[in-house]
Amino acid sequence: MDVISTSLPILLQGLKVTLYIFVIAITLGFLLGLVVALLKLAPFKILNWIAKIYVDAIRGTPFIVQLFFIYFGINSFHIISLNNTTAGIVTVAINAGAYFTEIIRAGIQSIDKGQTEAARSLGLTGSQTMRYVILPQAFRRMLPTITNQSIISLKDTSLLSVIGIADLTQQGQIQASATFEVFKIWLIVGVIYFIIIYLLSILANFVERRFELR
Amino acid sequence: MSIITVKNLRKSFGKVEVLKDINAEIKEKEVVCIIGPSGSGKSTFLRCLNRLEDISGGHVVVDGHDITDKNININKVRQEVGMVFQSFNLFPHKTVLENITLGPVKIRNTSKEEAEKIALELLEKVGLSEKAGSYPGELSGGQKQRVAIARALAMNPKIMLFDEPTSALDPEMVGDVLEVMKQLAKEGMTMVVVTHEMGFAREVGDRVIFMDGGYIVEENEPNELFNNPQHNRTKAFLSKVL
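Summary of the structure given here. (Residues numbered from 1 in each chain as written. Chains lettered and ligands numbered in written order. Predicted model: local features only at pLDDT ≥ 70, side-chain atom pairs only at ≥ 80, totals over all residues. Heavy atoms only, no water.)

**Focus: the side chain of E102 of chain A**
All names here are of chain A.
So, step 1. Topologically, E102 is positioned in helix α4 (residues 84-109).
So, step 2. Note on E102: relative accessible area 14%, which makes it buried.
So, step 3. Sequence-distant contacts of E102, defined by excluding residues within four places in its chain, comprise K40, V55 and R59. (Helix = DSSP H or I, 4+ residues; strand = E, 2+ residues; numbered from the N terminus. Buried < 20%, exposed > 50% of the residue type's maximum accessible area, 1.4 Å probe, protein only. Contact = heavy atoms within 4.5 Å.)

**Here we look at the sheet that holds strand β7 (residues 159-163) of chain B**
Residue and element names in this part refer to chain B.
So, step 1. Ordered in space as β6-β7-β8-β3-β9-β10, the six strands form an open sheet in which the pairing is mixed. Two strands lie at the open edges of the sheet, namely β6 (81-84) and β10 (215-220), each paired on one side alone. Averaged over all pairs of adjacent strands, the angle between strand axes in this sheet comes to 20°, irrespective of strand direction.
So, step 2. Where strand β3 (residues 31-35) lies against strand β9 (residues 207-212), four bridges are found, and the strand directions are parallel. By the bridge assignment, I34 is partnered in β9 with I209.
So, step 3. Across the sheet, helix α5 (residues 141-153) lies against β6 and β7, angled at about 170° from β6, the strand it touches most. (Pairing = 2+ DSSP bridges. Axes fitted to C-alpha atoms, helices over the stretch in contact; angles between N-to-C directions.)

**Section: the layout of surface pockets**
Residues and elements named next belong to chain A.
So, step 1. Estimated volume of the largest pocket: approximately 630 Å³.
So, step 2. Within the residue set of the lining of the largest pocket, elements represented by two or more residues are α1 (2-41), α4, α5 (113-122) and α6 (126-156).
So, step 3. Taken together, the residues of the lining of the largest pocket break down into nine nonpolar, four polar and seven charged.
So, step 4. By volume, the second largest pocket amounts to about 340 Å³.
So, step 5. In terms of lining, the second largest pocket is formed by 14 residues, of which the most central are L143, I146, T147, S150 and L203.
So, step 6. Listing elements by their share of the lining of the second largest pocket, those giving two or more residues are α1, α6 and α8 (182-210).
So, step 7. If one sorts the elements of the lining of the second largest pocket by residue count, α6 sits on top with five residues.
So, step 8. A per-class count over the lining of the second largest pocket returns eleven nonpolar, three polar and no charged. (1 Å grid on protein atoms, 1.4 Å probe; cavity = no way out; pocket = protein on both sides within 12 Å on 5 of 7 lines; lining within 4 Å. Points joined across faces, edges and corners; volume = space filled by probe spheres on them. Nonpolar A, V, L, I, M, F, W, Y, C, P; charged D, E, K, R; others polar.)

Coordinates in, geometry out; function isn't part of it.
Below, the structure written as structure tokens:
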């Protein structure tokens, strides 16, 4: 029990870092995904290609390689210098953004084209149609998959410990080697992740019900 | 005075030409019904009138604007042309009232209060006052279509296009929708109606256009066209549907 009382506050410090990075990165990632999804659906071949290359590049490479590329690779040019937290946030955002792109694209395309026709026939512009008619409906359909990807991204943040970010996993590692209570520490770390993700899915369920189509 | 003029209109989907040299005039306050077999191009023709379909050739002039001109602001023209679809296409995430006020509020910059006032008047007109707060999913087909008509009317259009408005309805719902359309015709709305309701075309139409194979085969006032068709194709079609 001693381990818990000494290590738990430190682990919760780590959790704070994890959540801080997660919230910023997932927000950026979602906005990025939205923009790239619209590029992917835009009637311009070049934009479609840019979007496709981005998504394929991210989906086709492991998260940790992306992380090293951004943190070590980009910093090696000494043009800009990213600290590890920034690099971590950027990597999670770019990674999640690619998956969000596909989720949002599929969500938009799943909406019946009669909706677009009805909106355009009223005289709404293309972007008004997207904003007031298509996206609100698509968003409801996307919610379960958005939740899923958010959970995956939250778990991906644990890999940021390898570039020295003091997140929950990193603090777990430090506590495990300091106390030698390896089993207990990793159990606690696991339980903390589990609780956070559980809360996240309860929140998502609530939002889903709130926005359910009648 | 023609409010719609169609000259040498052609429309192809890939290699298939569905409209071949269509010429037509629609006058203000006229109710024109378009009839014809499936695949005759009548819906495509209607959808060219507000450029929901890209036009392959010819000219379509609506309320003085040549909508085949790429530089024209099509959104402005569409504000004057209401459209009602076979599948209603109500916005399922919005209440009946919000469906009707969306256009006026976002496009015409009408205040929310004013738009709601107009929407409630229109709902009364189509006999659905009590459904203002309902969602489309809670309505029957006939009710949905009447809301769709109210939604189009909320923009105060000069022309109303109807694309088989009763084809997706249960038979007992058809009457309510046709009643609303008759009322509209009586008030002097310019209407172009693609329909299989020959009774409606005969009773309400000022003129009936018969289309087949991408052409306008024959057009005339309803009694003349139904009782005394000139072309064999028209005769054959009418003998099957009347």
